[in-house]
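Residue-level structure breakdown
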Amino acid sequence: MSLNNKKILISGYYGFNNFGDDAILHVIIEDIKKNIPEADITVLSATPQRTEAVYGVKAVNRFDLKKVFSAIKYTDVFVSGGGSLLQDITSFKSLVYYLGLIFTAKMLTKKVFIYAQGIGPIDSKIGRVLTHFVLKRADVVTVRDNDSKNFLDYLDVNADVTADPVWKALNPDSFDFEKFGIKQDKIKVGVQLRNWKTLDDKATELLAKAVNKTFGDMSYQIVLLSLQDSQDLAVSKLFESKLKVLNPVIDTKIVSNLSVLDGLAVISQMDFMAAVRFHAALCAMKFNIPTFCISYDPKVSTLAEEAGAPWASINKLNLEEIEAKLEDLSINKSLHEERLRLFSNKKQQLANKNVDFLMNMLK
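Below is a summary of the structure that appears in this document. Given the structure is predicted, the values throughout are model-derived calculations rather than measurements. (Residues numbered from 1 in each chain as written. Predicted model: local features only at pLDDT ≥ 70, side-chain atom pairs only at ≥ 80, totals over all residues. Heavy atoms only, no water.)

Moving on to the sheet that holds strand β13 (residues 311-313). Within a sheet, each strand pairs with its neighbour through backbone hydrogen bonds, oriented either parallel or antiparallel. Strand order in the open sheet formed by six strands is β10-β9-β8-β11-β12-β13, and the pairing between neighbours is parallel. Of all strands in the sheet, those with a lone pairing partner are β10 (252-255) and β13, marking the two edges. For this sheet the average axis-to-axis angle between neighbouring strands, irrespective of direction, equals 15°. Across five bridges, strand β8 (residues 187-192) lies against strand β9 (residues 220-225) in parallel orientation. Within β9, the position partnered with valine 189 by the bridge is isoleucine 222. Running over the sheet, helix α11 (residues 278-286) touches β8, β11 (272-275) and β12 (291-295) and is turned about 165° from β12. (Pairing = 2+ DSSP bridges. Helix = DSSP H or I, 4+ residues; strand = E, 2+ residues; numbered from the N terminus. Axes fitted to C-alpha atoms, helices over the stretch in contact; angles between N-to-C directions. Contact = heavy atoms within 4.5 Å.)

This is the structure:
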């Protein structure tokens, strides 16, 4: 069987309109199509019809276990793709679901590739035992950061450190400023927030004060990015209202209902970024945009520390600290840009290794 006839099944948190996971899927599919133009690609998705339409691949409802089993049975390679799939903080059921798919693939003698995942946190003892038991049977395991590698070392699972696939996302060729209401003649400050228990009315006002102090004059436009409207849009509107109370003439724009490519395009036009979501921060760094990370999860603070970017915990926001870090981004913009340029280049090279592993598995 030639490579072009190979069947590849991709599993992940797909079909939920989550920017980061959709961006991961976009890059994985593009990489496969580039290297194996006629590959038979199927994705397990919560919204299979939409996934088929957007990505030009086959899709199976991830909740239809009979169809999922059939898709695994007839694939050549099972790819457990990207993101933070293997963790029990969000849900123990989720961990069992993804491990169950991997285990099923191995029981059906399929090749299994754990594709550049962020592993953990897995706090439950049973979760760690199951993760060890299943991942020991995977053919190739790659992880996106050293913390994940260290955790798998602890579980006695071999893994190679590569990088998140989204580091490879293509730069937009052009940008329609009018489409998104973004002004070319302004310094653009991206602010990306998401619903979180500690990002309440008081914390949102604190962030608004910090942003207004550094970026509040009329030379700036504050662009609020809602990357998953069910989680981001309400808090973006709240933040905008707080800004307007502090500074009625501040120039703001909320962008929402974004596709993956739209989200990438908008982020690429920012001059500065303050972000909660991991992939919002990652994409800004990819485009060498000085970025302040608001960490709701260890993966965000890990990314920030690795990149040498300023960050603060979403659970312990301090006005003076955030003001100082935003001012540093502004004053030392070129230094932050150069540091991120080197960091991004390194990550893109590491992300290429994921494709090399996949190609070797398919031979």
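Back to the text.
On the basis of which strands lie adjacent, the open sheet formed by seven strands has the order β3-β2-β1-β4-β5-β6-β7 and parallel pairing. In this open sheet, the two strands that pair with only one neighbour each are β3 (58-61) and β7 (160-161). As paired elements, strand β1 (residues 7-11) and strand β4 (residues 77-81) share four bridges and run parallel to each other. Looking at β4, one finds that leucine 9 is bridged to phenylalanine 78. Along the sheet face, helix α3 (residues 65-73) touches β1, β2 (40-45), β3 and β4 and points at about 140° away from the line of β3.

Another point: helix α4 (residues 92-107). The terminal C-alpha atoms of α4, which comprises 16 residues, lie 22 Å apart, in line with the 22 Å expected from a rise of 1.5 Å per residue. Along α4, the residues that are buried comprise Leu95, Tyr97, Tyr98, Leu99, Leu101, Ile102, Ala105 and Lys106. Sitting at the head of α4, serine 91 places a side-chain oxygen 3.1 Å from the backbone nitrogen of lysine 93. At the C-terminal side of α4, threonine 109 shows a positive phi close to 60°. (Expected span 1.5 Å × (residues − 1). Buried < 20%, exposed > 50% of the residue type's maximum accessible area, 1.4 Å probe, protein only. Polar contact = N/O pair within 3.5 Å; in protein donor to acceptor, adjacent residues only side chain to side chain.)

Now for the nonpolar core. Residues Ile10, Phe239 and Ile267 are the most contacted members of the largest nonpolar core, which totals 100 residues. Considering each element in turn, this core owes the most residues, nine residues, to helix α14 (residues 333-362). Setting aside residues no more than four positions away along its own chain, isoleucine 10 makes contact with Leu25, Ile28, Ile29, Ile32, Ile41, Thr42, Val43, Leu44 and Val79. By size, the runner-up hydrophobic cluster in this structure holds 30 residues, among which are Ala71, Val112, Ile122 and Phe151. (Core = buried A, V, L, I, M, F, W, Y, C linked by side-chain atoms within 4.5 Å.)

Looking now at the layout of surface pockets. By volume, the largest pocket is sized at about 910 Å³. For the largest pocket, the lining is made up of 33 residues, of which Tyr13, Ser84, Gln87, Thr90 and Lys299 are closest to its centre. Elements with a minimum of two residues in the lining of the largest pocket: α1 (19-35), α4, α11 and α12 (298-307). Taken together, the residues of the lining of the largest pocket sort by class into 13 nonpolar, twelve polar and eight charged. (1 Å grid on protein atoms, 1.4 Å probe; cavity = no way out; pocket = protein on both sides within 12 Å on 5 of 7 lines; lining within 4 Å. Points joined across faces, edges and corners; volume = space filled by probe spheres on them. Nonpolar A, V, L, I, M, F, W, Y, C, P; charged D, E, K, R; others polar.)

Taken by themselves, the reported measurements are silent on function.
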